[in-house]
Amino acid sequence: MAMQPTIYSPIWPTKFTATRLKRGKVIFSEVGREVFCAKCQDYWPADSEFFHTRPKRKGGLNDWCKACQAEWKRENQVNKQH
């Protein structure tokens, strides 16, 4: 039986969550807590399935979703080759 990857969702202090809510950087929906991606300007679930983890950051997640990071990486690799 194949092991499922572990999905990480950081636990945020109440004050940090309140600040992020006020600034529009996080919302709560039927899916749960969702975080705003600074690049695509959309909300995604606040876990390691959609965002790369950054343990040293207060929120524990990157500012860009994984899809935006991958797109940026592809574009920059193509630009470096030419």
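Predicted, not measured: the structure shown is a model, and the values here were computed from it.

Draft legend 1. A look at the nonpolar core. Ranked by size, the top nonpolar core spans 10 residues in total: W12, F16, V26, V35, C37, A46, F51, L61, C65 and C68. Here C37 is in contact with D42, W44, F51, D63, W64, C65 and C68, once residues within four sequence places are set aside.

Draft legend 2. Up close: the environment of F51. Along the polypeptide, F51 turns up in strand 4 (residues 51–53). Every residue in contact with F51, bar those within four places of it in the chain, is listed here: V35, C37, W44, P45, L61, N62, D63, W64, C65 and K66.

Draft legend 3. Structural context of the sheet that holds strand 1 (residues 26–29). Pairing within the open sheet is antiparallel, and its three strands lie in the order 1-2-3. The strands lining the two open edges of the sheet, one partner per strand, are strand 1 and strand 3 (43–45). For this sheet, the mean angle separating the axes of adjacent strands, direction not counted, is 40 degrees. Sitting on the sheet, helix 1 (residues 14–23) touches strand 1 and strand 2 (32–36), and the angle it makes with strand 1 is about 95 degrees.

Draft legend 4. Region of interest: the packing of aromatic side chains. The tally for this structure, following the rule as stated, stands at four aromatic pairs. With 5.1 Å between their ring centres and 90 degrees between their planes, W12 and F16 make a pair best called edge-to-face. Overall, the relative accessible area of 15% leaves F16 in the buried class. With centroids separated by 5.8 Å and ring planes inclined at 20 degrees, the aromatic side chains of W44 and F50 adopt a geometry described as stacked. Judged by its relative accessible area of 29%, W44 falls in the partly exposed class. Across from the ring centre of W12, 4.1 Å away, lies the NZ or CZ of R33, which sits over that ring. One residue, K39, lies across the ring of W64, its end atom 5.4 Å from the ring centre.

Draft legend 5. Structural context of the pattern of salt bridges. Scanning the model with the defined rule gives one salt bridge in all. Here D63 makes a salt bridge to R57, at a shortest N to O gap of 2.9 Å.

Draft legend 6. Broad picture of the pairing of strand 1. Examined bridge by bridge, strand 1 and strand 2 share four bridges and lie antiparallel to one another. Paired with F28 across the two strands is R33, which belongs to strand 2. What sits between the antiparallel neighbours strand 1 and strand 2 is a turn of two residues.

Rules used in this analysis
Residues numbered from 1 in each chain as written. Predicted model: local features only at pLDDT ≥ 70, side-chain atom pairs only at ≥ 80, totals over all residues. Heavy atoms only, no water. Core = buried A, V, L, I, M, F, W, Y, C linked by side-chain atoms within 4.5 Å. Buried < 20%, exposed > 50% of the residue type's maximum accessible area, 1.4 Å probe, protein only. Contact = heavy atoms within 4.5 Å. Helix = DSSP H or I, 4+ residues; strand = E, 2+ residues; numbered from the N terminus. Pairing = 2+ DSSP bridges. Axes fitted to C-alpha atoms, helices over the stretch in contact; angles between N-to-C directions. Phe/Tyr/Trp six-rings, centres within 6.5 Å; stacked < 30°, edge-to-face > 60°. Lys NZ or Arg CZ within 6 Å of the ring centre and 35° of its normal. Salt bridge = Lys/Arg side-chain N within 4 Å of Asp/Glu carboxyl O.

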